[in-house]
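# Architecture at a glance
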Amino acid sequence: MLQAPARPHPLWRPRHLLVTPSALAWPQGAAMAERAAALGAEVVRLKADRLVSLPETYRDAKTTMAVVVASPSRRRPQPIPPSADWRFDLAEGCPAHCAYCYLAGSLAGPPIIRAYANLPEILAALPPLLGQGQVTSRNAARAAEGTTFEGSCYTDPLGIEHITGSLAETIRFFGAWDAAVQLRFTTKYDATGPLLDLPHGRRTRIRFSVNARGAERFEGGAPRMRNRLQALRQAAMAGYRIGLTVAPILNLPDWREAYDTLLADCATALAGVPDPDLTVELITHRFTEGSREVLQGWYPGSGLEMDPAQRSRKLTKVGTGKYVFPKALMAELRSGLEASVARHLPQARVLYFT
């Protein structure tokens, strides 16, 4: 059950902010540097656009942000099934310390945060894709969502919004876009206050990443579930479409009861909300050999199960291997989670289980 209002989670404060000359030439880049400086960050204005002498240790990298300009290849939206038609990036890298972080296998190099200053160019690439895509644009089951755009799946955009301001501008962009479109982003953070009064036009779905209580110990630096559910309710009452990203689903000793309690708490958070247009995405824990090696280096002794002997190896679309739960356990997890969704959130649409 939800309790008294939770104290807001502290905002992330970078120790160092590197900014390139090209990024400073954009108003958004200059504003990011000013906001970071106001938070006490050391702002280093680089002499060239190339990032050099990046921190090598995990601790130093996770307290460093670089403000750069997204190259043409970085600005090119990419398909992202089964979530949305297209993904585009406002930033890369995350301030949290999750022991299962999938970015460990997706992003190369030190885990610094790279925020993009040329937001107008990034957003300008989206309108030509209207009506294109294979996930919602041409799928009868999800056609009501319109053309869907996943915002920044390689970061938590809300976790750094107090520095970038990019998420609010993107929400305004979609709110003013008079078409069948939808912005989608996922967050573990609770700083939704500055977003609540934006003219979003119901064209943004805020998806909150939620998990069972037993999984919270693997989510260092992220707000507790109580904070996320409080933020979820505030966003829903402000008229945003809402999503639940239950991820990563873990094989906890009491997983049936733990995830049933989680979904009951989500239902309590949404009680009385007129129309959250609720969606649910169910994503089980998986890892690659590469991400396992990186994560065990970042979080030695975390206690997170990543034993290939307890998993099934599955080939990805690009031919690389990933380790997922065995088929029988996957079936049990799916039936158990979907039954809990139906019991506590009968109005929700389960988009997929993976």
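Up top you'll find the structure we're talking about.
These numbers were taken from a predicted model, which means no experiment stands behind them.

Parameters at a glance
- Residues numbered from 1 in each chain as written.
- Predicted model: local features only at pLDDT ≥ 70, side-chain atom pairs only at ≥ 80, totals over all residues.
- Heavy atoms only, no water.
- Helix = DSSP H or I, 4+ residues; strand = E, 2+ residues; numbered from the N terminus.
- Buried < 20%, exposed > 50% of the residue type's maximum accessible area, 1.4 Å probe, protein only.
- Polar contact = N/O pair within 3.5 Å; in protein donor to acceptor, adjacent residues only side chain to side chain.
- Pairing = 2+ DSSP bridges.
- Axes fitted to C-alpha atoms, helices over the stretch in contact; angles between N-to-C directions.
- Salt bridge = Lys/Arg side-chain N within 4 Å of Asp/Glu carboxyl O.
- Contact = heavy atoms within 4.5 Å.
- Phe/Tyr/Trp six-rings, centres within 6.5 Å; stacked < 30°, edge-to-face > 60°.

## So, the side chain of arginine 203
Looking at the element boundaries, arginine 203 is found in the loop between strand 10 (181-187) and strand 11 (204-210). Taking relative accessible area as the criterion, arginine 203 reaches 17% and is therefore assigned buried. Separated by 2.6 Å, the side chain of arginine 203 and the backbone oxygen of glycine 175 make a polar contact. Here the side chain of arginine 203 touches alanine 179 through a polar contact of 3.4 Å, landing on its backbone oxygen.

## Re unusual backbone geometry
The residue after proline 81, namely proline 82, is reached through a cis peptide bond having omega 5°. The residue proline 82 is located in the loop between strand 4 (78-80) and strand 5 (84-88) in this model. Cis geometry marks the peptide bond from alanine 247 to proline 248, where omega comes out at -15°. Note on placement: proline 248 falls in strand 13 (residues 241-249). Residues other than glycine seldom take positive phi values, yet arginine 202 does so here, at roughly 60°. Along the polypeptide, arginine 202 turns up in the loop between strand 10 and strand 11.

## Quick notes on the sheet that holds strand 10
Strand order across the open sheet formed by 8 strands is 4-5-9-10-11-13-14-17, with mixed pairing between neighbours. Here the strands that pair on one side only, and so sit at the sheet edges, are strand 4 and strand 17 (349-353). With strand direction ignored, the average angle separating the axes of adjacent strands in the sheet is 30°. Bridge analysis of strand 11 against strand 13 gives 6 bridges, and the strand direction is parallel. Paired with serine 209 across the bridge in strand 13 is threonine 245.

## Comments concerning the pattern of salt bridges
If you walk through the whole model with that rule in mind, you get 22 salt bridges. For glutamate 145, the salt bridge is made with arginine 349, and the minimal N-O distance between the two is 3.6 Å. Taken together, the positions of glutamate 145 in the loop between helix 5 (119-124) and strand 9 (147-151) and arginine 349 in strand 17 put the pair 204 residues apart, joining distant regions of the chain. Since its relative accessible area comes to 30%, arginine 349 is described here as partly exposed. One salt bridge connects arginine 256 with glutamate 332, and the closest N-O pair in it is separated by 3.9 Å. Here arginine 256, found in helix 9 (residues 255-269), pairs with glutamate 332, found in helix 11 (residues 327-344); they are 76 residues apart in sequence, far enough to count as distant. Owing to a relative accessible area of 42%, arginine 256 belongs among the partly exposed residues under this scheme. Salt bridges sharing partners connect three or more residues here, namely Arg142, Glu145, Glu150, Arg184, Arg205, Arg207, Arg241, Asp277, Glu281 and Arg349.

## Considering the sheet that holds strand 8 (residues 113-116)
Pairing within the open sheet is mixed, and its 5 strands lie in the order 2-1-3-8-6. Edge positions in the sheet fall to strand 2 (42-45) and strand 6 (91-92), since each has one partner strand and no second. Where strand 3 (residues 64-68) and strand 8 come together, 4 bridges link them in parallel fashion. Each bridged residue has a counterpart across the sheet, and for alanine 66 the counterpart in strand 8 is arginine 114. Each of strand 1 (16-19), strand 2, strand 3 and strand 8 is contacted by helix 2 (residues 27-38), which is oriented at about 160° to strand 1, the strand it contacts most.

## Overview of the packing of aromatic side chains
For the structure on display, the rule yields 10 aromatic pairs. Here the aromatic rings of tyrosine 58 and tyrosine 299 are separated by 5.5 Å at their centres, their planes lie at 80°, and the arrangement is edge-to-face. Taken as a pair, tyrosine 58 in helix 3 (residues 58-61) and tyrosine 299 in the loop between helix 10 (289-298) and strand 15 (312-315) lie far apart in primary sequence, 241 residues in all. For the pair tyrosine 58 and tyrosine 299, a shared accessibility class is recorded, and that class is buried. On the basis of an interplanar angle of 50° and a centroid distance of 5.5 Å, the ring pair of phenylalanine 174 and tryptophan 177 is categorised as tilted. On the basis of relative accessibility, which here comes to 0%, the residue phenylalanine 174 falls in the buried class. Tryptophan 177 gets classed as buried once you look at its relative accessible area, which sits at 12%. Pairwise contacts between aromatic rings join Phe88, Phe149, Phe173, Phe174 and Trp177 into one cluster.

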